[in-house]
Amino acid sequence: MKKIFLIFLPCFISTLTFSQAQRKATTYLLTQFNNTIYDRTRGNNPWSIGLGIQTFFNNGTPFKPTLELTGDIYLEDDKVLRLNPDGTTPTTMNDVREMINLFGGASFHPTQNIYFSLMAGPSFISGNTYLGVKPSCGFYFSRNQKWIGKISYINIFNRHKATKEDFGSVSLAIGVKLF
């Protein structure tokens, strides 16, 4: 009996050891709501809804690289034409109809239930490309980190080229772990 026990004990321990390997990446599917807080044409794009994917690359430290791809659609528009500061009619649309963000950066996970991130990258708004930044505060609803919540601030630089005004919004997101 001792021989069988001594043979199977190392096998059992090694099976547990190899099955506890941490995944290299954790990916979440997000749904989000954005509220515009400042923009030259804020009445034309007061809020949006969208979907996104966020990936954390697990490296065994509290600082983790992260990537995020989101797409939002602005459904409400007050249909008001806003002229340029010099009184001319804009040559391009002055509202936001859709916004796609591809941000990369780092996240800091001080505890198992909360994280902070800072990401930057290109933002595609109505066919134009801008630089954007997105600091966030996220939290997990459970210890197994299956569900995630996130509050973010998004700033898109120089969205209105004539006046160099930025576009800013606050985002609330909820996500579920895909893998």
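Overview of the structure.

The rules behind each value
Residues numbered from 1 in each chain as written. Predicted model: local features only at pLDDT ≥ 70, side-chain atom pairs only at ≥ 80, totals over all residues. Heavy atoms only, no water. Core = buried A, V, L, I, M, F, W, Y, C linked by side-chain atoms within 4.5 Å. Buried < 20%, exposed > 50% of the residue type's maximum accessible area, 1.4 Å probe, protein only. Contact = heavy atoms within 4.5 Å. Pairing = 2+ DSSP bridges. Helix = DSSP H or I, 4+ residues; strand = E, 2+ residues; numbered from the N terminus. Axes fitted to C-alpha atoms, helices over the stretch in contact; angles between N-to-C directions. Polar contact = N/O pair within 3.5 Å; in protein donor to acceptor, adjacent residues only side chain to side chain. Phe/Tyr/Trp six-rings, centres within 6.5 Å; stacked < 30°, edge-to-face > 60°.

**Focus on the nonpolar core**
Then, number 1: Counting residues in hydrophobic clusters, the biggest one holds eight residues: Tyr-74, Val-96, Met-99, Ile-125, Tyr-130, Ile-154, Ile-156 and Phe-167.
Then, number 2: What Ile-125 contacts, discounting residues up to four positions off in sequence, is Val-96, Glu-98, Met-99, Tyr-130, Ile-156 and Arg-159.

**A word on the sheet that holds strand β7 (residues 147–160)**
Then, number 1: In space, the eight strands of this closed barrel follow the order β1-β2-β3-β4-β5-β6-β7-β8, with antiparallel pairing throughout. Averaged over all adjacent pairs, the angle separating strand axes in this sheet is 25°, with direction ignored.
Then, number 2: The pairing of strand β1 (residues 25–38) with strand β8 (residues 165–177) spans ten bridges and is antiparallel. In the strand pairing of β8, Gln-32 is matched with Ala-173.

**What about the environment of Met-119?**
Then, number 1: Within the secondary structure, Met-119 sits in strand β5 (residues 114–125).
Then, number 2: When its relative accessible area of 1% is taken as the criterion, Met-119 is described as buried.
Then, number 3: Sequence-wise, Met-119 and Pro-135 are 16 residues apart; in three dimensions their C-alpha atoms are separated by 6.2 Å.
Then, number 4: Beyond its immediate chain neighbours, meaning those up to four positions away, Met-119 contacts Gln-54, Thr-66, Glu-68, Phe-103, Gly-104, Gly-105, Gly-132, Val-133 and Lys-134.

**Considering the side chain of Ser-136**
Then, number 1: Along the chain, the position of Ser-136 falls in strand β6 (residues 128–140).
Then, number 2: Owing to a relative accessible area of 8%, Ser-136 belongs among the buried residues under this scheme.
Then, number 3: Within the structure, Ser-136 has its side chain in polar contact with the side chain of Ser-152 (distance 2.7 Å).
Then, number 4: Among all residues touching Ser-136, those that are not within four sequence positions of it are Tyr-115, Phe-116, Ser-117, Lys-150, Ile-151 and Ser-152.

**Let's talk about the packing of aromatic side chains**
Then, number 1: On inspection of all chains with the given rule, the structure shows eight aromatic pairs.
Then, number 2: Pairing Tyr-28 with Tyr-140 gives two aromatic rings, centres 6.3 Å apart and planes at 45°, and the pair type is tilted. Remark: Tyr-140 occurs in strand β6 and Tyr-28 occurs in strand β1; sequence separation between them is 112 residues. Like Tyr-140, Tyr-28 is buried.

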